[in-house]
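# Structure at a glance
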Amino acid sequence: MIKRIGFACKPSTIDSKGRIVAVPELNFKSTTVAWLNRQKRDVAEERLWEIVNHNLAATQRLVDYIGTLNENLRMVRIGSDMLPMYTESTWRYFCQRSDVRERCSSILGAVGNSAREHNVRLSFHPGQFVVLASTDPDIVNRSIEEFEYHADMARWMGYGKKFQDFKINVHIAGRAGPEGIRSAYGRLSPEARNCLTIENEENAWGLDDCLSLSDLVPIVLDIHHHWVREGEYIIPADPRVQRVVESWRGVRPTLHYSVSREDLLVGHDPGGAPFMESLLKKGYKKQKLRAHSDYFWNHATNHWALRFLAQFDIMCESKAKDLASSKLAKYAQELDLL
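Read on for a plain summary of the structure.

Rules used throughout
- Residues numbered from 1 in each chain as written.
- Predicted model: local features only at pLDDT ≥ 70, side-chain atom pairs only at ≥ 80, totals over all residues.
- Heavy atoms only, no water.
- Axes fitted to C-alpha atoms, helices over the stretch in contact; angles between N-to-C directions.
- Helix = DSSP H or I, 4+ residues; strand = E, 2+ residues; numbered from the N terminus.
- Parallel < 35°, antiparallel > 145°, perpendicular 65-115°, else oblique.
- Contact = heavy atoms within 4.5 Å.
- Nonpolar A, V, L, I, M, F, W, Y, C, P; charged D, E, K, R; others polar.
- Buried < 20%, exposed > 50% of the residue type's maximum accessible area, 1.4 Å probe, protein only.
- Arc of directions from axis to C-beta.
- Phe/Tyr/Trp six-rings, centres within 6.5 Å; stacked < 30°, edge-to-face > 60°.
- Core = buried A, V, L, I, M, F, W, Y, C linked by side-chain atoms within 4.5 Å.
- Pairing = 2+ DSSP bridges.

Moving on, we get to the packing of helix α12 (residues 299–306) against helix α13 (residues 322–334). Each packed pair of helices is defined by two parameters, the angle between the axes and the distance between the axes. Running from N to C, α12 and α13 point in directions that differ by 75°, and their axes come no closer than 11 Å. Our classification of the angle between α12 and α13 gives roughly perpendicular. Of the residues in α13, those touching α12 at H299, N302, H303 and L306 are L328, Y331 and A332. Residues that form the contact of α12 with α13 fall into these classes: 4 nonpolar, 3 polar and no charged.

What follows is the structure, encoded as C-alpha cells:
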C-alpha cells in the first residue's frame, strides 16, 4: 500500500526576492472574456489555441514530473482552468471544434497513460461556483455543465470508467443540501458519477451532512474545515471517520489538510495546536481562521493530520503548494509515518 501526500495545482519556487511564485512551464496561461471580445475573431481564436496548447503541454510536463518523484509524493490536483472558455456562452464553440478536441484527446490521453504508468494519483476540484445543490434551476444546470467539463477532461485521460479511478471533488454548498446533490447526481453522465466526491465545508454543510450521502458518493474529509466549523480535532478512530473510509468502497480515501495562516496566529507556539474556543474569546474570527497558510508551520497539527496516513492519502492545501507538501512529507518520514 502506497501512502501519498500531494499538493494542489500550481508547482512553486522561491524567486530572488524570497517570494513564492509559480513555475511557468508547469502552470497555466489564461485570458478573459473581455479581452477576447475586443479582438477580431481570428486574433481571439489564435490566442485561445495558443493557451490551450500551452496548458495541455504544461499538464503533461506536470504529470510526467510528478511521476519522477518518490512514490509517496505522486499525487497532484490539476487546475480547472486548463481549457479556457469551455463553458462560456460566447466562446464555448472554440473547444467544440474538431481540431481542438482531437488535440485534447491526444495530449490528455498521453497524460493519463503517464499517470497510470507511474502510479500518479490525479484529481480536480471545480470552483465554488459549481453548486449542484442550488435551489435555482439555472445555477444547477450551469453547475452540471461545468462539472461535465471536468468529466470530459478526465474522460480524455482515460478515467471515469470505474468507481473512483479519478476524483472530481465539490462541496454541497447550495440551500437544497444533500437532497439537492441526490437530484443532480441522477443527471450526471456515468463517468461524472464515477468521479464525484463530496467534501465537508467549514460553514453551512458539515461532516454529518456529507455522511448522509455516503451511500451515494465517497466523502472527502477536510479536517481543517471540520476544525473551523466544529472546533474539534477529529481523530482517526472516530466512528464518523470510519464511515468516510467505508464510503470509498475499498478505494484508498483522500483527506484534505490545511492550517490557519502564519501571519494571523502570530506568536502562537508551533508546538501547540490552536484551540478554537480560546481563539474566539481572543477576538479571532472564523472567516479569517479559514484561510490557508503558506506552509504547515504548526508541528502539533501536523502530527495530528499525519496520523490519518494509515487510512488516507493527504491532499495539502497551502499557498506554497509543493514546497509545503514536500516539507510535510519529510516530517512524516521523520516520524516513520511515511
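That shown, we press on.
All right, on to helix α5 (residues 177–185) then. For α5, the full list of buried residues reads G177, P178, G180, I181, A184 and Y185. Seen end-on, α5 carries its buried residues on one side only, within an arc spanning 155°. Counted as exposed and oriented over 90 degrees from the buried face of α5: E179 and S183. The inward-facing, buried residues of α5 contact α4 (137–156), β6 (167–171), α6 (190–195), β7 (196–199) and α7 (207–211).

The final tally for this structure, using the stated rule, is 11 aromatic pairs. Plain terms: the ring middles of F124 and F166 are 5.1 Å apart, the flat faces sit at 50° to each other, and that makes the pair tilted. Residue F124 is located in strand β5 (residues 121–124), and its partner F166 is located in the loop between α4 and β6; the two are separated by 42 residues in the primary sequence. Each member of the pair, F124 as well as F166, is classed as buried. Relative to F166, the ring of Y159 lies with its centre 5.2 Å away and its plane at 45°, an arrangement referred to as tilted. Comparing Y159 with F166 shows no difference in burial state: the two are buried. Clustering of aromatic rings is evident, with ring pairs tying together W227, Y233, Y257, F275, F296, W304, F308 and F312.

Grouped together as the largest cluster of nonpolar side chains are 98 residues, with contacts concentrated most on L83, L122, I198 and Y257. Counting residues per element, this core draws most heavily on α4, which supplies 8 residues.

A word on the pairing of strand β10 (residues 313–316). Taken residue by residue, a regular strand's side chains alternate between the two faces of the sheet. Side chains D313 and M315 of β10 all project onto a buried face; the interleaved residues I314 and C316 project onto the opposite face, where all are buried too. Direction of pairing for strand β1 (residues 5–8) relative to β10: parallel, over a ladder of 3 bridges. Its bridge partner lying in β10, F7 is registered against C316. In terms of strand pairing, strand β9 (residues 254–257) meets β10 through 4 bridges, oriented parallel. Each bridged residue has a counterpart across the sheet, and for H256 the counterpart in β10 is M315.

This paragraph deals with the packing of helix α2 (residues 41–66) against helix α3 (residues 98–117). Taken N-terminus to C-terminus, the directions of α2 and α3 make an angle of 10°; their axes are 9 Å apart at the nearest point. On the basis of their axis angle, the class for α2 and α3 is roughly parallel. Residues W49, V52, N53, L56, T59, Q60, V63 and D64 of α2 touch α3, and the partners they reach there are D99, V100, R103, C104, I107, L108, A110, V111, S114 and A115. Grouping the amino acids of the contact of α2 with α3 by side-chain chemistry returns 11 nonpolar, 4 polar and 3 charged.

This paragraph deals with unusual backbone geometry. Outside of glycine, negative phi angles account for most residues, and trans bonds account for most peptide bonds. The phi dihedral of M85 is positive, around 70°, even though this residue is not glycine. Note on placement: M85 falls in the loop between β4 (75–77) and α3. Within the chain, Q164 stands out as a residue other than glycine whose phi angle is a positive 55°. Of note, Q164 is situated in the loop between α4 and β6.

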